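# Secondary and tertiary structure notes
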Amino acid sequence: MSLMASMTRLSPERDKILEMYFRLNYFNLYALDGSLKKTIAIEPNLDDLSLLEKVPQPERNYRFSDVRVYDDFFALLHLNELEQDFATERKSLPEILIFDWEGNPISKLVFEDFFTSFDFDLANQKVYTFDSQTDQFKYHKLPKF
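Attention in this report is confined to the structure presented alongside it. None of the values given here were measured: they were computed from a predicted structure.

Turning next to the overall build of the chain. Scanning the chain from N- to C-terminus turns up two helices and 11 strands. Along the chain, helices and strands appear, N-terminal first, in the series β-β-β-β-α-β-β-α-β-β-β-β-β. For the chain, whose C-alpha radius of gyration is 15 Å, the value lies close to the compact-globule estimate of 15 Å for 145 residues. Considering only C-alpha atoms, the chain reaches an extent of 40 × 35 × 25 Å along its principal axes. Within the chain, the proportion of its 145 residues that are buried is 43%. For the chain, the proportion of contacts with a sequence separation of at least 24, taken over those separated by at least 6, is 38%. The distance from the centre of the 17 positive side-chain charges to the centre of the 25 negative ones in the chain is 2 Å.

Before going further, it helps to examine the packing of aromatic side chains. Overall, the coordinates contain 12 aromatic pairs when judged by the stated rule. On the basis of an interplanar angle of 70 degrees and a centroid distance of 5.0 Å, the ring pair of F27 and F99 is categorised as edge-to-face. One end of the pair, F27, is in strand 3 (residues 26-31); the other, F99, is in strand 7 (residues 95-99), with 72 residues separating them in the sequence. Each member of the pair, F27 together with F99, is buried. An aromatic cluster of at least three residues, connected via ring pairs, comprises F27, F74, F99 and W101. Note that R68 overlies the ring of F118, its terminal NZ or CZ placed 6.0 Å from the centroid.

What follows concerns the sheet that holds strand 10 (residues 126-131). Strands sit in the order 9-10-11 across an open sheet of three strands; the sheet is antiparallel. The open sheet has two edge strands, strand 9 (117-121) and strand 11 (136-141), and neither has a second partner. Strand-to-strand twist in this sheet, taken as the mean axis angle between neighbours without regard to direction, amounts to 20 degrees.

Here we come to the sheet that holds strand 4 (residues 37-41). Across the sheet, which stays open at both edges, the four strands sit in the order 1-2-3-4 with antiparallel pairing between neighbours. The open sheet terminates on both sides in strands that have one partner only, identified here as strand 1 (6-11) and strand 4. Neighbour-to-neighbour, the strand axes of the sheet open up by a mean angle of 15 degrees, direction not taken into account. Two strands pair when backbone bridges link them, and strand 1 and strand 2 (residues 16-21) are joined in this way by six bridges, in the antiparallel orientation. Bridging across to strand 2, T8 finds its partner in E19.

For A5, the location among the structural elements is in the segment before strand 1. Given the relative accessible area of 18%, A5 is considered buried. A sequence separation of 132 residues divides A5 from F137, and the C-alpha atoms of the two residues are 26 Å apart. Contact partners of A5, with chain neighbours within four places excluded, come to M20, Y21 and F22.

The next subject is the pattern of salt bridges. Any two side chains of opposite charge can pair, on the condition that their charged atoms come close. Taken as a whole, this structure holds nine salt bridges when the rule is applied. One salt-bridge network, in which partners are shared between bridges, spans E43, D47 and R63.

Generally speaking, a soluble globular protein has its nonpolar side chains buried in company with each other. Judged by nonpolar contacts, the single largest core of 33 residues is most densely connected at F74, L76, I96, F118 and F120. For this core, the secondary-structure elements that each account for two or more residues are strand 2, strand 3, strand 5 (61-69), strand 6 (74-82), strand 7 and strand 9. With five residues, the single largest contributor to this core is strand 6.

Procedures and definitions
- Residues numbered from 1 in each chain as written.
- Predicted model: local features only at pLDDT ≥ 70, side-chain atom pairs only at ≥ 80, totals over all residues.
- Heavy atoms only, no water.
- Helix = DSSP H or I, 4+ residues; strand = E, 2+ residues; numbered from the N terminus.
- Rg over C-alpha atoms; globule rule 2.2 N^0.38 Å.
- Buried < 20%, exposed > 50% of the residue type's maximum accessible area, 1.4 Å probe, protein only.
- Contact = heavy atoms within 4.5 Å.
- Lys, Arg positive; Asp, Glu negative; His and termini not counted.
- Charge placed at Lys NZ, Arg CZ, Asp CG, Glu CD.
- Phe/Tyr/Trp six-rings, centres within 6.5 Å; stacked < 30°, edge-to-face > 60°.
- Lys NZ or Arg CZ within 6 Å of the ring centre and 35° of its normal.
- Pairing = 2+ DSSP bridges.
- Axes fitted to C-alpha atoms, helices over the stretch in contact; angles between N-to-C directions.
- Salt bridge = Lys/Arg side-chain N within 4 Å of Asp/Glu carboxyl O.
- Core = buried A, V, L, I, M, F, W, Y, C linked by side-chain atoms within 4.5 Å.

So this is what it looks like as structure tokens:
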């Protein structure tokens, strides 16, 4: 997977685009009219592509694996796992990072089991999770945020 591999989502209600990179510690948020252009880092410094290119593939971080958009917020699945560990024995428990459409953090949900994708059922206050490595599908109570 390329360092610049990304997943892009559009919020038609907000006229905004969210661009999440699988391997980088930041994401981009744009307004279609140009009024918003933000790069949001989840660590103090942005990943430096020229430095990351020198890191062997198994030692690179697999930062994010999923993103979902909702009317009032969006959520990213933060794995933060070395690729070699993700492929063998995962060590970092996943977190769902929740932001408003201006890029401000709202909440962080931390889980006790591994998964690679998720979705919120807001009507029933549940988080559905799926792990592509084990084919396990689970649901959890959605905490207030």
